[in-house]
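The chain contents come next:
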Amino acid sequence: MNLTGEEKANELSKILLEVGTLLMSSGANSSRIRITINRIADAYGYEVDLLITHRALMLTIYDEEQDYFYSRLKRTSPHGANFRMVSGISRMSWRIVEENWTFDQVKQELARLKALPHYPRWVVLVMVSAAGAGFCRVFGGVYIELLVTFVATFIGLFVRQEAIKKSFNPYLAIFFAAFVSSMIAGAALKMQIGENPEYAFATSVLYLIPGIPLINSLSDLLDGNIMNGIVRGVNGLMISFSIALGMISAIVIYGI
Amino acid sequence: MENWLLFIDRWFWLGIGAIGFAILFNVPRRTILTIFLLGAFGGTLKFIILALGGGIIMGSFFGAMLVGFSSIMAAHYKHATPFVLAIPAVIPMVPGAFAYRAMLGVIHLTEKIDHNTFLKLLEETTDNGLKAFFVLAALSLGVSAPMLIFRRESVKNMKVRIK
């Protein structure tokens, strides 16, 4: 397939934006997105300028020989951590550089990465609940409290997944999950099951903590992407606020 | 002896915490064992520093730094970016408890309470909020420390020699 210079720039800009938006919604930080896109553009001999925001990416591709440029804007899909995608795109970007991939090969690889399966739902539920029990243990809980945390996390995460499936507002989904988890752990606290049921109550919502938004926020601020850092930080605060609201509802209901 | 058993117990559960989040973030299957080890050793280092009287912020910083450096070494063997290994491993150290206690405090502050309770609550809330922020800053600084020190944008061409 022989493309003219214009068509090539057009095609490449589409691919680069696809890569950028996939990285953004999978939970990569801004400098990683910029480095990856520049690496791929370099491999094809183009110069690229980028504007990265949380909800959209803008890109201008410049062809020096023909004094010709293309600008394009693409919205990011809803955010959800997917490190298989981040890892896969990073490997792909190196193979583009080393093996001189064609555009079609890149598109095929992107399609393959998008089709990669997630872990089965029950594995996610069990492992995240085990992680919650682990936090409870690290706080100093004993086995009965671990069990309370496990059950509270399991049901809370299930509620969150269902709420997201029914396309509730993501913050509202987190509120529901935090509320259900604290209602379950709060019942144990109310009935004084175990020695220190307050450990179970405090750790039952830890699976909701906005780890990726907050860590990415700080690393963006550190890299000088101040705007993105602030946006991610506020997003993280909103999530913490939703968790606190869910907990406080349970506290008010039980009067603890 | 009792203390060491406690650390081994925590080591295990911190690792479980790390892989729980790793699976939530859908990491490639080949990296799960690495993430368990990174999370377990990073978190244990934090608790060792705490036990030595280093404070939560310093503990988190060195714990995250251990994760940051080891993730670069591991990245060569597991063919994954250090970022993918390091983030789930530091998640158990994220100050979630401090963050939502600060949030709960802010909500309580708006209720109708007397002056002395208000002041006491304000003190606790500020303490929790500041700790949450600085622990978080220490974590992300610790994880990106190797990159900042070696001044590279990628670890691909970095030579790692163990032995």
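Each residue is numbered by its place in its chain's sequence as written, counting from 1. Ligands are numbered from 1 and chains lettered from A, in the order in which they are written. Local features in this predicted model are restricted to residues of pLDDT 70 or higher, and side-chain atom pairs are both shown and tallied only at a pLDDT of 80 or more, whereas totals for entire chains, interfaces and linings draw on every residue.

**Structural notes on the domain arrangement of chain A**
Residue and element names in this part refer to chain A.
Moving on, step 1. Considered domain by domain, chain A is made up of domain 1 (5-115) and domain 2 (121-254).
Moving on, step 2. Each domain's extent was defined by an automatic or database domain assignment. When each unit is reduced to the centre of its C-alpha atoms, the spacing between domain 1 and domain 2 is 34 Å.
Moving on, step 3. Here contacts are defined at the residue level, using C-beta atoms placed from the backbone and a cut-off of 7 Å between them. With eight residues of domain 1 at the contact, the number on the domain 2 side is nine residues.
Moving on, step 4. Among the residues forming the side of domain 1 that touches domain 2, the class breakdown is two nonpolar, six polar and no charged. The nonpolar class holds Ala, Val, Leu, Ile, Met, Phe, Trp, Tyr, Cys and Pro. Asp, Glu, Lys and Arg form the charged class, and all remaining residues, Gly among them, are polar.

**Points about the sheet that holds strand E2 (residues 56-63) of chain A**
All names here are of chain A.
Moving on, step 1. Read from one edge to the other, the open sheet built from three strands follows the order E1-E2-E3, with strand pairing classed as antiparallel. A single partner strand is all that each edge strand has here, and the edge strands are strand E1 (47-52) and strand E3 (68-75). Taking each pair of neighbouring strands and ignoring which way they run, the sheet shows an average axis angle of 15 degrees.
Moving on, step 2. Axes, fitted as lines to C-alpha atoms, cover a helix only where it is in contact. Angles between the N-to-C directions of the axes lie from 0 to 180 degrees. Each helix is a run of H or I in the DSSP string that is no shorter than four residues. Each strand is a run of E no shorter than two, and both are numbered from the N terminus. Sheet strands in contact with helix H1 (residues 5-26) are E1, E2 and E3, and its direction is about 150 degrees off that of E2. By this definition, two strands are paired if DSSP reports at least two bridges between them.

**Here we look at the pairing of E3 of chain A**
Moving on, step 1. For E3 of chain A, the tally of buried residues reaches only zero of eight residues, placing the bulk of the element at the surface.
Moving on, step 2. Between E2 of chain A and the antiparallel strand that follows it, E3 of chain A, lie four residues; Asp67 of chain A among them carries a positive phi value of about 50 degrees. As a rule, residues whose C-beta atom has 12 or fewer other C-beta atoms within 10 Å are exposed, those with 20 or more are buried, and those in between are partly exposed; C-beta atoms are placed from the backbone.

**Some details on the nonpolar core**
Moving on, step 1. For this entry, the nonpolar core is defined as buried Ala, Val, Leu, Ile, Met, Phe, Trp, Tyr and Cys residues connected by C-beta atoms within 7 Å. Of all hydrophobic cores here, the largest spans 116 residues; its most connected members are Ala18, Val90 and Leu139 of chain B.
Moving on, step 2. Mapped onto the domain boundaries, this core takes at least three residues apiece from domain 1 (5-115) and domain 2 (121-254) of chain A.

**Some details on helix H3 (residues 83-99) of chain A**
Moving on, step 1. Helix span, expected: 1.5 Å multiplied by one less than the number of residues in the helix. Compared with the 24 Å implied by 1.5 Å per residue over 17 residues, the 24 Å span of H3 of chain A between its first and last C-alpha is a close match.
Moving on, step 2. For H3 of chain A, the complete set of buried residues consists of Phe83, Arg84, Met85, Val86, Ser87, Gly88, Ile89, Ser90, Met92, Ser93 and Ile96 of chain A.
Moving on, step 3. Buried-residue contacts for H3 of chain A involve H1, helix H2 (30-43) and helix H4 (103-115) of chain A together with helix H4 (82-90) of chain B.
Moving on, step 4. Where H3 of chain A ends, the next residue or the one after it, Asn100 of chain A, has phi of about 50 degrees, a positive value.

**Some words on the interface of chain B and chain A**
Moving on, step 1. At the junction of the two partners, chain B supplies 40 residues and chain A supplies 41 residues.
Moving on, step 2. Secondary structure elements with two or more residues in the side of chain B that touches chain A: helix H1 (2-24), H4, helix H5 (96-109) and helix H6 (115-150) of chain B.
Moving on, step 3. In terms of residues, the side of chain B that touches chain A owes the most to one element, H1 of chain B, which gives ten residues.
Moving on, step 4. For the side of chain B that touches chain A, the residue count by class is 28 nonpolar, nine polar and three charged.

**Here we look at the packing of helix H3 (residues 56-78) of chain B against H4 of chain B**
All names here are of chain B.
Moving on, step 1. Packing of H3 against H4 brings their axes to within 8 Å, and their N-to-C directions diverge by 145 degrees. The interaxial crossing formed by H3 with H4 has right-handed handedness. Here Ala64, Val67, Gly68, Ser71, Ile72, Ala74 and Ala75 of H3 lie close against H4, whose contacting residues are Pro82, Leu85, Ala86, Ala89 and Val90.
Moving on, step 2. Taken together, the residues that form the contact of H3 with H4 break down as ten nonpolar, two polar and no charged. Each helix crossing is assigned a hand: it is left-handed if the near helix lies turned anticlockwise from the far helix by less than a right angle, otherwise right-handed if that turn is clockwise.

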